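So you can see what is in the structure, the chains are spelled out below.
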Amino acid sequence: MENLVDIFVKSIFVDNMIFAYFLGMCSYLAVSKTVKTSTGLGLAVVFVLGITVPINYLIHNYILKEGALTWISPAYADVDLTFLSFILFIAVIASMVQLVEMVIEKFSPTLYSNLGIFLPLIAVNCSILGGSLFMQERAYNSLAEATVFGLGSGVGWFLAIIGIAAIREKIRYSNVPAPLRGLGITFIITGLMGIAFMGFMGIKF
Amino acid sequence: MSQDREPLFSSKNMKLLREPLDDTNPITVQVLGICSALAITVKLEPSVVMALSVVFVMGVSNVVVSLLRSSIPPRIRIIVQLTVIASLVILVDEFLAAFAYEVSKQLSVFVGLIITNCIIMGRLEAFALSNKPWPSFLDGVGNAAGYGLILVIVGFVRELFGSGTIWGYQVVPQQAYAMGYEDNGLMILPPMALITVGIIIWVQRYRNRKLIEEKQS
């Protein structure tokens with residue numbers, strides 16, 4: 001249990017998707033103009049990461065990993081399919097995004113109209129594929145750990161985009177040098193936020 | 001007959017190759033593909049390897065998608081594009097693991113993340129799906145080169161100030177250290193990559209006034 005809390009906190013603050021790895025920067029920069037839309041996108045990311053990371057965990061451990069196919073027959077003990085992981089992960093993500101979109105549309109039209117346009121965009125958000133690849137690289141021990149990692153990364157991304165959106169709403173009233181206006185200042189603010197987040201480094205429970 | 005055909009390096013085609021280097025740079029103007037660009041720029045070497053990988057993947061995937069453009073059903077085009085890109089990225093990944101193991105360890109998951117690099121998808125959608133293979137190839141290589149250019153600049157600056165080396169060779173003389181010069185440890189940390197890009201954007205827009213954004217009201 002302690003272990004899970006540790007992974008959760010670490011993936012939110014220390015290994016923050018945006019500030020430590022720059023994943024999902026494209027949508028982060030493009031959508032963070034107002035807090036409202038950022039909240040929608042952030043929630044969608046938490047949601048999709050929370051689903052795809054565990055699924056890819058199962059795929060990795062029962063299909064791709066070396067010796068993972070022994071549950072079919074012991075003869076497959078030295079089959080190593082890890083080279084297929086990119087294609088399988090991205091296929092899972094693309095299809096899960098489609099599926100999630102359809103399910104939400106059916107059961108919660110309000111949530112759907114809030115997330116609506118952002119869901120399809122998420123398939124090409126680097127933080128989603130990044131979550132699965134980090135899960136593979138760090139070799140988590142159980143499904144619970146992988147799920148917690150996925151959710152934590154999503155929450156970290158969510159926090160980051162809300163933060164930058166709030167700052168950008170304010171900065172509109174400031175006198176930014178003309179060549180730095182818009183994109184440039186956003187980069188620099190993100191860098192400063194990142195330095196602040198570095199303060200969490202070394203936190204352990 | 002032959003007069004209708006455009007020469008391979010006509011000025012229009014060269015423009016496709018040259019424009020992304022400055023006026024329509026994927027990173028600083030189109031804001032595409034920043035995800036994988038920043039994390040691997042601590043040193044010059046991985047930046048160059050990354051840039052070359054992206055040039056390869058973009059050039060080839062643009063040609064492939066452009067060749068397939070009339071037979072891809074529009075509804076499933078994203079999955080088809082992702083599959084094309086993912087197969088190429090697997091090639092690059094296996095190649096790096098075999099011939100440049102050290103660098104491939106440093107790049108870790110970021111090679112895989114070329115798949116979701118928005119530049120590639122963006123250019124496929126915006127250009128390759130509606131153009132012939134040769135212009136698509138130039139567009140792909142041009143954009144990847146624009147991306148690579150920023151990567152190399154950031155990698156150069158961060159390695160020079162962060163570790164005092166270039167491509168692993170010591171350039172800051174030992175005497176400087178003896179006199180009290182110290183490497184800027186902040187440059188190695190991820191946030192400085194963002195600030196460096198911010199400054200590159202600043203310089204570029206200062207020189208190229210037409211890129212300055214309108215003041216939002």
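Everything numeric in this text was worked out from a predicted model, so none of it was measured.

### Focus on the packing of aromatic side chains
Piece 1. This structure, assessed with the given rule, holds nine aromatic pairs over all chains.
Piece 2. Between the aromatic rings of Tyr177 of chain B and Tyr181 of chain B, the centroid separation amounts to 5.7 Å while the plane-to-plane angle is 70°, which identifies the pairing as edge-to-face.
Piece 3. According to the relative accessible area criterion, Tyr177 of chain B is partly exposed, its value standing at 22%.
Piece 4. Pairwise contacts between aromatic rings join Phe13, Phe19, Phe197 and Phe200 of chain A into one cluster.

### Comments concerning the confidence of the model for chain B
All names here are of chain B.
Piece 1. For chain B, the mean per-residue pLDDT works out to 81, and 93% of the residues sit at or above 70.
Piece 2. At the level of individual helices and strands, chain B shows its lowest average pLDDT in helix α2 (residues 35-39), which scores 70, and its highest in helix α3 (residues 44-68), which scores 89.
Piece 3. Scoring of the predicted complex yields 0.81 for pTM and 0.78 for ipTM.

### Concerning the environment of Thr34 of chain A
Residues and elements named next belong to chain A.
Piece 1. Tracing the backbone shows Thr34 in the loop between α2 (25-31) and α3 (35-64).
Piece 2. Taking the relative accessible area as the measure of exposure, Thr34 reaches 31% and is therefore partly exposed.
Piece 3. A sequence separation of 128 residues divides Thr34 from Ile162, and the C-alpha atoms of the two residues are 8.6 Å apart.
Piece 4. Setting aside anything within four residues of it in sequence, one finds Thr34 in contact with Ala165 and Glu169.

### Focus: the nonpolar core
Piece 1. Tyr28, Ile122 and Phe187 of chain A are the most contacted members of the largest nonpolar core, which totals 104 residues.
Piece 2. Ranked by residues supplied to this core, first place goes to helix α4 (residues 85-107) of chain A with 10 residues.
Piece 3. When sequence neighbours within four positions are dropped, the list of residues in contact with Phe187 of chain A reads Leu29 of chain A together with Ile34, Leu38, Leu194, Val197, Gly198 and Ile201 of chain B.

### A closer look at the interface of chain B and chain A
Piece 1. Taken together, the contacts link 46 residues of chain B with 41 residues of chain A.
Piece 2. Here chain B and chain A share an interface that buries about 3800 Å² over both sides, 80% of which is from carbon and sulfur atoms.
Piece 3. Counting across the interface, chain B meets chain A through zero salt bridges.
Piece 4. Inspection of the region where chain B meets chain A yields zero residue pairs in polar contact (both at pLDDT 80 or more).
Piece 5. The set of elements that each furnish at least two residues to the side of chain B that touches chain A consists of α2, α4 (77-99), α6 (118-126) and α9 (191-207) of chain B.
Piece 6. By residue number, the principal contributor to the side of chain B that touches chain A is α9 of chain B, which donates 10 residues.
Piece 7. The residue inventory of the side of chain B that touches chain A, partitioned by class, reads 30 nonpolar, 10 polar and six charged.

### Some details on the pattern of salt bridges
Piece 1. Going through the model one piece at a time under the given rule, you end up with two salt bridges over all chains.
Piece 2. Arg138 of chain A is the salt-bridge partner of Asp15 of chain A, the closest N and O atoms lying 3.7 Å from each other. Of the two residues, Asp15 of chain A sits in the loop between α1 (2-14) and α2 while Arg138 of chain A sits in helix α7 (residues 126-138), which places them 123 residues apart along the sequence.
Piece 3. Residue classification places Asp15 of chain A among the buried residues on the basis of a relative accessible area of 17%.
Piece 4. For the salt bridge of Asp139 of chain B with Arg123 of chain B, the shortest nitrogen-to-oxygen distance reads 3.1 Å.

### Comments concerning the confidence of the model for chain A
Piece 1. Confidence in the prediction for chain A averages 83 pLDDT; 95% of positions are at 70 or higher.
Piece 2. For chain A, per-element mean pLDDT is lowest for helix α6 (residues 118-122) of chain A, which scores 70, and highest for helix α8 (residues 143-171) of chain A, which scores 91.

### Notes on helix α7 (residues 133-163) of chain B
Piece 1. For α7 of chain B, spanning 31 residues, the distance from its first C-alpha to its last is 43 Å, which sits close to the expected 45 Å at 1.5 Å a residue.
Piece 2. In the segment just after α7 of chain B, Gly164 of chain B is the residue with positive phi, at about 70°.

### Things to note about the packing of helix α9 (residues 183-198) of chain A against α9 of chain B
Piece 1. It is the contact of α9 of chain A with α9 of chain B, at a shortest axis distance of 8 Å, that shows an interaxial angle of 165°. Compared by their axis directions, α9 of chain A and α9 of chain B come out roughly antiparallel. The handedness of the crossing between α9 of chain A and α9 of chain B is left-handed. Residues Leu183, Gly184, Phe187, Ile188, Thr190, Gly191, Leu192, Gly194, Ile195 and Met198 of chain A of α9 of chain A form the contact with α9 of chain B, whose participating residues are Pro191, Leu194, Ile195, Val197, Gly198, Ile201 and Arg205 of chain B.
Piece 2. Here the residues of the contact of α9 of chain A with α9 of chain B sort into 11 nonpolar, five polar and one charged.

### What about empty space enclosed by the protein?
Piece 1. Evaluation of the coordinates by the stated rule reveals one cavity of 30 Å³ or more.
Piece 2. Taken as a whole, the largest cavity spans an internal volume of roughly 80 Å³.
Piece 3. Every residue along the wall of the largest cavity is listed here: Phe13, Val14, Asn16, Phe19, Ala20, Gly194, Phe197, Met198, Phe200 and Met201 of chain A together with Pro190 and Pro191 of chain B.
Piece 4. At the level of secondary structure, the elements contributing two or more residues to the lining of the largest cavity comprise α1 and α9 of chain A.
Piece 5. If you tally residues by element for the lining of the largest cavity, the top one is α9 of chain A, at three residues.
Piece 6. Partitioning the lining of the largest cavity into residue classes produces 10 nonpolar, two polar and no charged.

Thresholds applied
- Residue positions are given per chain, counting from 1 as you read along its sequence in written order.
- Written order determines the labels here, with chains lettered from A and ligands numbered from 1.
- For a predicted model such as this one, the threshold for reporting local features is a pLDDT of at least 70, and the threshold for listing and counting side-chain atom pairs is 80 or more; totals across whole chains, interfaces and linings nevertheless cover every residue.
- The side-chain numbers reported here are obtained from all heavy atoms of the structure, hydrogens and water having been left aside.
- We call Phe, Tyr and Trp rings a pair once their centres come within 6.5 Å, taking the six-membered ring for Trp, and we label the pair stacked below 30 degrees between planes, edge-to-face above 60, and tilted otherwise.
- Buried residues are those whose accessible area, probed at 1.4 Å on protein chains only, stays under 20% of the maximum for their type, while exposed residues exceed 50% and partly exposed ones sit between those limits.
- Scored from 0 to 100, pLDDT reflects the predictor's confidence in each residue.
- Helix numbers and strand numbers start at the N terminus; a helix is a DSSP run of H or I with at least 4 residues, a strand a run of E with at least 2.
- The contact criterion used throughout is that any non-hydrogen atoms of two residues lie within 4.5 Å.
- For the purposes of this section, nonpolar cores are sets of buried Ala, Val, Leu, Ile, Met, Phe, Trp, Tyr and Cys residues that join through side-chain atoms within 4.5 Å.
- Note: buried area is the sum, over both parts, of the accessible area (probe 1.4 Å) each one loses when the two are combined.
- Whenever Lys or Arg places a side-chain nitrogen within 4 Å of a carboxyl oxygen from Asp or Glu, that contact is recorded as a salt bridge.
- Nitrogen and oxygen atoms within 3.5 Å of one another constitute a polar contact, given that in protein one can donate a hydrogen and the other can accept it, and given that sequence-neighbouring residues count only through two side-chain atoms.
- We call Asp, Glu, Lys and Arg charged. Ala, Val, Leu, Ile, Met, Phe, Trp, Tyr, Cys and Pro are nonpolar, and the rest, Gly among them, are polar.
- Each helix should span, by expectation, one fewer than its residue count multiplied by 1.5 Å.
- Every axis in this analysis is a line fitted to C-alpha atoms, fitted for helices over the stretch in contact. Angles between the N-to-C directions lie between 0 and 180 degrees.
- Angle categories are assigned with fixed cut-offs, so that under 35 degrees is roughly parallel, over 145 is roughly antiparallel, 65 to 115 is roughly perpendicular, and the rest are oblique.
- Here a crossing is taken to be left-handed if its near helix is turned anticlockwise relative to the far helix by less than a right angle, and right-handed if that turn runs clockwise.
- Put simply, the grid is 1 Å and covers the protein atoms alone, a cavity is a trapped set of points that fit a 1.4 Å probe, a pocket is an open set with protein on both sides within 12 Å along at least five of seven lines, and lining residues have an atom within 4 Å of a point.
- Grid points are joined across faces, edges and corners, and a volume is the space filled by probe spheres set on the points.

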